[in-house]
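Single-letter residue listing:
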Amino acid sequence: MSSLYERSVQDPEWASIFDRPDEVNRRHLVADGYHTTYLEAGREDAAPVVLIHGANFQVGIGADRWYPTILPLARRFRVFAVDELGGGGTDAPRNLQDIGDVRVRADHVVAFVEALGVGPCHLVGQSQGAWIAAYVAFRRPDLVRELVLVDSASLALPAGGIGAARVSPQFTQNFAPGTLRTEHLAPTPQDMRRYMGSMTYDHSMLCDPLIDRMVVLAKKWLPIWEAPFAQFWADGGVRNRAQYEVDGVHLTTHLESLGKQPLIVWGKNSGKGLDNGLDFYRRIPDAQFHVFDKADHFLWLDRWKDFNGLVTWFLSRT
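Observations regarding the overall build of the chain
So, step 1. A tally of helices and strands in the chain yields 13 helices and ten strands.
So, step 2. Against the 2.2 N^0.38 benchmark of 20 Å for 318 residues, the chain shows a C-alpha radius of gyration of 18 Å, consistent with a compact globule.
So, step 3. Expressed as a percentage of its 318 residues, the buried residues of the chain come to 57%.
So, step 4. Considering only contacts within the chain whose residues lie at least 6 apart along the sequence, 73% involve residues at least 24 apart.

Here we look at the environment of A46
So, step 1. Mapped onto the elements, A46 comes out in the loop between β2 (34–41) and β3 (48–52).
So, step 2. Between the C-alpha atom of A46 and that of R76, which follows or precedes it by 30 residues, the distance is 6.8 Å.
So, step 3. Among all residues touching A46, those that are not within four sequence positions of it are R76, F77 and R78.

Focus: the pattern of salt bridges
So, step 1. One pass over the full model with this rule turns up 22 salt bridges.
So, step 2. E146 is paired through a salt bridge with R317; the nearest N and O atoms lie 3.4 Å apart. Residue E146 is located in strand β6 (residues 144–150), and its partner R317 is located in the segment after α13 (304–316); the two are separated by 171 residues in the primary sequence.
So, step 3. Note on R317: relative accessible area 32%, which makes it partly exposed.
So, step 4. The partner of D306 in a salt bridge is R303, and the shortest N-O contact between them spans 2.6 Å.
So, step 5. When its relative accessible area of 33% is taken as the criterion, D306 is described as partly exposed.
So, step 6. Overlapping salt bridges, with partners in common, bring together R26, D64 and R213 in one network.

Here we look at the nonpolar core
Generally speaking, a soluble globular protein has its nonpolar side chains buried in company with each other.
So, step 1. By size, the foremost hydrophobic cluster in this structure holds 107 residues, and its most contacted members are I70, F112, V124 and W131.
So, step 2. Ranked by residues supplied to this core, first place goes to helix α8 (residues 208–232) with eleven residues.
So, step 3. Residues in contact with I70, not counting those within four places in the same chain, are I17, V24, L39, A41, L51, V79 and A81.

Re the pairing of strand β10 (residues 288–292)
So, step 1. Bridging between strand β9 (residues 263–267) and β10 involves five bridges; their strand directions are parallel. The partner of I264 across the bridge, within β10, is F289.
So, step 2. Tracing the backbone out of β9, into helix α11 (residues 274–283) and back to the parallel element β10 gives a crossover that is right-handed.

Remarks on the pairing of β6
So, step 1. Here β6 lies mainly inside the structure; six of its seven residues are buried.
So, step 2. Here strand β5 (residues 121–126) pairs with β6 via five bridges, running parallel. Of the residues in β6, the one forming a bridge with L123 is L147.
So, step 3. Summarising the sheet, β6 and β9 pair through three bridges and their orientation is parallel. Looking at the pairing, L149 lines up with I264 of β9.

The rules behind each value
Residues numbered from 1 in each chain as written. Predicted model: local features only at pLDDT ≥ 70, side-chain atom pairs only at ≥ 80, totals over all residues. Heavy atoms only, no water. Helix = DSSP H or I, 4+ residues; strand = E, 2+ residues; numbered from the N terminus. Rg over C-alpha atoms; globule rule 2.2 N^0.38 Å. Buried < 20%, exposed > 50% of the residue type's maximum accessible area, 1.4 Å probe, protein only. Contact = heavy atoms within 4.5 Å. Salt bridge = Lys/Arg side-chain N within 4 Å of Asp/Glu carboxyl O. Core = buried A, V, L, I, M, F, W, Y, C linked by side-chain atoms within 4.5 Å. Pairing = 2+ DSSP bridges. Right-handed = clockwise from strand over helix to strand, strands pointing away.

What follows is the structure, given as structure tokens:
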């Protein structure tokens, strides 16, 4: 018996896209000229929520990582989980030298929300996806209602978390020194579990359907990412640091006067460092801060029930 089946029997709040595939649609549209895929669930007349995932890394994880979040949120909202450029079923950037660049992906997400025609909508972003959500709110406040920012060193740290203080070796050991680039990564279940396991507290959430999906995507994306992503890091991290700046300063500086009152969520056991999250929270006026114990960087997997409940409450409270 699989762990997913056990959860579906034992807990009435459990709802996964892998064991309820008939309740979610995998759709596509064109945004800024890019073929863009996304997962959609929920009533058409419900308030829209866009889930913005973190880095695709080189394996192109895409939106499937939200597998225990999409349907629970869809009970109250119309949920869209986008595959960003360079991951899932979405195109790579036209200039492959931009693969992985958070600002290029952010401009694509703006175009995606515009193409959906659902603004203003709620944005839930994790890690680099939280940077993207904040960027959309800064550049296009007309498209955004509420912000949920999840475990994002991209917002908390000027260097984006690479080589910064309080970032755990548990996270950085995945990558070549001073980069987010992984060497000698194979599209195998073993490598995908090891990779995801370094950012997940509850390894039982790394279920077979998720790992199988990652293997399929890794076979597609690893060869595409290899050369351009190596070039991305060839300047010693200069471009990495610059990608988090907007109008010459780190995006977080703009958030201090944005006027949004986001919910900031962090994992107590996050490899990105709890103190970094707390420092970020202190900089944002009127923000709320919530910490989940026994939760790592992929905290919506580790504490799926609590995370889904918290986000539903925050986005419904008005």
